[in-house]
Amino acid sequence: MLNDTFKQFKSGTDIRGVAVEGVAGQPVNLTDDAVCRMADGFVLWLAAKTGKDTDSLKISVGRDSRISGPHIMELCVDRFVRAGAEVVRCGLASTPSMFMTTVELGCDGALQITASHHPFNRNGLKFFTREGGLEGSDIDVILTFAQEDKHPMEYDTGRAYDCDFMSDYARGLCDKIKSEVSAEDYDHPLRGFHIVVDAGNGAGGFYADKVLAVLGADTTGSRYLEPDGMFPNHVPNPEDAAAMASICEAVRESRADLGVIFDTDVDRGGAVDSKGNEINRNRLVAAAAAIALEGNEGGTIVTDSITSSGLREFIENNLGGKHYRYRRGYKNVIDKALELNAEGINCPLAIETSGHAAMRENYFLDDGAYLCTKIIIKAAQLRKEGKGLDELTAGLKEPLESREIRYRILEKDFRACGEKIIADLTAYAEQREDWHLADDNREGVRVSFDKENGDGWFLLRLSVHDPIMPLNIESDSEGGVEKILAQLTAFLQTTQGLDL
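I will try to describe carefully the structure that is included in this document. (Residues numbered from 1 in each chain as written. Predicted model: local features only at pLDDT ≥ 70, side-chain atom pairs only at ≥ 80, totals over all residues. Heavy atoms only, no water.)

### Topic: helix H11 (residues 330–342)
Residues lying three or four places apart along an α-helix face the same way, a consequence of the helix completing one turn every 3.6 residues.
Then, in step 1: In this model H11 runs 19 Å from its N-terminal to its C-terminal C-alpha over 13 residues, within 8% of the 18 Å that 1.5 Å per residue would give.
Then, in step 2: Within H11, the full set of buried residues consists of Tyr330, Lys331, Val333, Ile334, Lys336, Ala337 and Leu340. (Helix = DSSP H or I, 4+ residues; strand = E, 2+ residues; numbered from the N terminus. Expected span 1.5 Å × (residues − 1). Buried < 20%, exposed > 50% of the residue type's maximum accessible area, 1.4 Å probe, protein only.)

Structure, rendered in structure tokens:
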């Protein structure tokens, strides 16, 4: 059982904490001692997982651009070397590329030092094996080793060396675009395209220089390609309104054909077409589904729970696929897709509206650069037919209004409080003839309303990690969101434990 000290580091399937001073009220807890213990815990876990002695392990280590990354990286490299491992030091790297070291370099395990889109003062550890990212239960084991101060035996045979694996990874993306576009100028399939990149000063700047420019694209007007762990321009997060406004502005100012944007460690992506339409959230899911279902007719697309009703219609009516709405959390949708495929159900894509997209053809790895690569390939193929990328999702119906509210849970046992509210709301909805419970919902409570009562739906759920109950509402009529919210609020005012 993890104590409060080590429980605070667990963030789903990652480890995260405060690595540097600079934000009031957030003292450093990801100390050198904590990091070293966690690194040793990973070595012990990996040795047990692989059945190897620690001095036979091969481990890769990379980091995103945040300011604490180089120091934490050296701490981890040192601990792995002390355990006798062969350590591949990859430097600035994307999270997906670190998984790929287990495929292409034969690493037993990989560590990416990242806290995704979180502020500059935070950092964390994200682990991979050839089977993919670790499960939450694996993180529990690693943190338990750290809590109990357990360490592997030390050997003097360990060694570390530098490897520019990001260049190899980028060449793999280039080769994919060349082969799938198959242009007359085979080595420059993007010649004539103007594509801008917004890396948000994270690790994604390579995509402009090592992928797009190499293939002949004009990348002038790209923004924030230089790594800067203070993130001075905007949060590197495709879900963030300011970040999306930045890439939209870059496309308009440059009169580009396409814009792409990444989060800090490039496991998420988003895009903007030449007309300024955001290919993000539901539209991103629709575009990815259209691409993934080519050659997978009738296949199943797994998404998170907050996808719109219009998206379901698009996947099933326009694309001829099946929509499996599942729980929030990128690992949840990936694990469900793996489970469905194991059952013999054709499922080529698992995707969250946050921009995490994992394709079966790419090891079910959530990779923002791979997703944007697939979108660019489709744009090039459509151009050959005289069509634009916007035609890919032309049939998607989007809500007239949408809103998200995040209610804070005030009780200490927030999970029990949230689960009671969900159970009570389910019972309440079942008694209302004008509330229609979704028959396919697998998280929280999703209720739809006819035109007179709001012409839309709400989903109230419990956050995966935090003492929060997020509420999403969509409506196809003006004023519908407020009408739906008013009906739900009447119920919420009867509950205890929520900050309304």
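### Considering the environment of glycine 91
Then, in step 1: Looking at where glycine 91 falls in the secondary structure, it is placed in strand E4 (residues 86–92).
Then, in step 2: As for glycine 91 and alanine 358, which are separated by 267 residues in sequence, their C-alpha atoms are 24 Å apart.

### Brief notes about the packing of helix H6 (residues 165–181) against helix H12 (residues 368–384)
A pair of packed helices is captured by two measures, namely the crossing angle of their axes and the spacing between those axes.
Then, in step 1: Contact geometry of H6 with H12 gives a least axis separation of 10 Å together with a crossing angle of 25°. Taken together, the axis directions place H6 and H12 in an arrangement best described as roughly parallel. Along this stretch, H6 crosses H12, giving a crossing that reads as right-handed. On H12, the residues that touch Tyr169, Leu173, Lys176, Ile177, Glu180 and Val181 of H6 are Ala369, Tyr370, Thr373, Lys374, Ile377, Ala380, Gln381 and Lys384.
Then, in step 2: Its residues placed into classes, the contact of H6 with H12 shows eight nonpolar, two polar and four charged. (Axes fitted to C-alpha atoms, helices over the stretch in contact; angles between N-to-C directions. Parallel < 35°, antiparallel > 145°, perpendicular 65-115°, else oblique. Left-handed = near helix turned anticlockwise from the far one by under 90°. Contact = heavy atoms within 4.5 Å. Nonpolar A, V, L, I, M, F, W, Y, C, P; charged D, E, K, R; others polar.)

### What to know about helix H10 (residues 309–318)
Then, in step 1: For H10, the set of buried residues is Gly310, Leu311, Phe314 and Ile315. Along the axis of H10, the buried residues cluster in a sector spanning 135°; they form a single face.
Then, in step 2: Check the buried side of H10 and you find it contacts helix H9 (282–292), strand E13 (300–303) and strand E14 (322–325).
Then, in step 3: In the segment just after H10, glycine 320 is the residue with positive phi, at about 75°. (Arc of directions from axis to C-beta.)

### Remarks on the sheet that holds strand E23 (residues 498–499)
Then, in step 1: The strand order across the open sheet built from six strands is E19-E20-E21-E22-E18-E23, with neighbouring strands paired in antiparallel fashion. A single partner strand is all that each edge strand has here, and the edge strands are strand E19 (436–437) and E23.
Then, in step 2: Examined bridge by bridge, strand E20 (residues 445–449) and strand E21 (residues 456–460) share five bridges and lie antiparallel to one another. Counterpart to serine 448 in the pairing with E21 is tryptophan 457. (Pairing = 2+ DSSP bridges.)

### Examining the sheet that holds strand E16 (residues 357–359)
Then, in step 1: Taking strand neighbours across the sheet as the criterion, the five strands line up as E14-E13-E15-E16-E17 in an open arrangement whose pairing is mixed. Here the strands that pair on one side only, and so sit at the sheet edges, are E14 and strand E17 (365–366).
Then, in step 2: Where E13 meets E14, four bridges bridge the pair, whose relative direction is parallel. Counterpart to valine 302 in the pairing with E14 is tyrosine 324.
Then, in step 3: Sheet strands touched by H9: E13, strand E15 (349–351) and E16. Its angle to E15, the strand with the most contacts, is close to 170°.
Then, in step 4: Packing of H10 onto the sheet brings it into contact with E13 and E14, and relative to E14 it is tilted by some 150°.

### What about the pattern of salt bridges?
Pairing of side chains with opposite charge becomes possible as their charged atoms draw close.
Then, in step 1: Across all of its chains, the model carries 46 salt bridges by this definition.
Then, in step 2: Salt-bridge contacts for aspartate 78 lead to arginine 82; the nearest nitrogen and oxygen are separated by 2.8 Å. One end of the pair is aspartate 78 and the other is arginine 82, both in helix H3 (residues 69–82) and four residues apart, which spans about a single turn.
Then, in step 3: Note that aspartate 263 is salt-bridged to arginine 268, the shortest N-O span being 3.3 Å. As far as burial versus exposure is concerned, aspartate 263 and arginine 268 are alike and both buried.
Then, in step 4: Salt bridges here are not isolated pairs; linked through shared partners, they connect Lys176, Glu180, Glu361 and Lys374. (Salt bridge = Lys/Arg side-chain N within 4 Å of Asp/Glu carboxyl O.)

### Focus: the pairing of E21
If a strand is regular, its side chains alternate between the two faces of the sheet.
Then, in step 1: E21 sits mainly inside the fold: five of its five residues count as buried.
Then, in step 2: Counted between consecutive antiparallel strands, the loop separating E20 from E21 contains six residues, among which glycine 454 sits at a positive phi close to 140°.
Then, in step 3: Of the strand pairs in this sheet, E21 and strand E22 (residues 468–475) are connected by five bridges, and their pairing is antiparallel. Across the sheet, the residue bridging to phenylalanine 458 is isoleucine 473, located in E22.

### Remarks on the side chain of threonine 102
Then, in step 1: The topology assignment puts threonine 102 in helix H4 (residues 95–104).
Then, in step 2: Judged by relative accessible area, threonine 102 falls into the buried class, the value being 5%.
Then, in step 3: A polar side-chain atom of threonine 102 sits 2.6 Å from the main-chain carbonyl oxygen of phenylalanine 99.
Then, in step 4: When residues no more than four places from it in sequence are discounted, the contact partners of threonine 102 are Cys107, Gly109, Ala110, Phe128, Thr129 and Arg130. (Polar contact = N/O pair within 3.5 Å; in protein donor to acceptor, adjacent residues only side chain to side chain.)

### Considerations on the environment of leucine 57
Then, in step 1: With respect to the element layout, leucine 57 can be found in the loop between helix H2 (32–50) and strand E3 (58–63).
Then, in step 2: The exposure class assigned to leucine 57 is buried, which follows from its relative accessible area of 2%.
Then, in step 3: Separated by 119 residues in the primary sequence, leucine 57 and lysine 176 place their C-alpha atoms 31 Å from one another.
Then, in step 4: Those residues in contact with leucine 57 that sit more than four places away from it in its chain are Val43, Leu46, Ala47, Thr50, Lys52, Ala85, Glu86 and Asp108.

### What about the nonpolar core?
Then, in step 1: Counting residues in hydrophobic clusters, the biggest one holds 69 residues, and the most contacted among them are Leu190, Phe206, Tyr207, Val211 and Val260.
Then, in step 2: It is H12 that contributes the most residues to this core, ten residues altogether.
Then, in step 3: Not counting residues up to four positions away in its chain, the partners in contact with tyrosine 207 are Leu173, Ile177, Val197, Leu212, Val260, Phe262, Ala369, Cys372, Thr373 and Ile376.
Then, in step 4: Ranked by size, the runner-up nonpolar core spans 39 residues in total, among them Met73, Phe80, Val87 and Phe127. (Core = buried A, V, L, I, M, F, W, Y, C linked by side-chain atoms within 4.5 Å.)

### Notes on the state of the cysteines
Then, in step 1: Taken as a whole and judged by the stated rule, the model has zero disulfides.
Then, in step 2: In this structure cysteine 36 is not part of a disulfide, and its nearest cysteine sulfur, from cysteine 76, lies 7.2 Å away.
Then, in step 3: Note on cysteine 36: relative accessible area 18%, which makes it buried. (Disulfide = S-S within 2.5 Å.)

### Observations regarding the side chain of threonine 300
Then, in step 1: Within the secondary structure, threonine 300 is located in strand E13.
Then, in step 2: Every residue in contact with threonine 300, bar those within four places of it in the chain, is listed here: Lys322, Tyr324, Leu340, Ile345, Asn346, Cys347, Pro348 and Leu349.

Read these as geometric descriptors, not functional statements.
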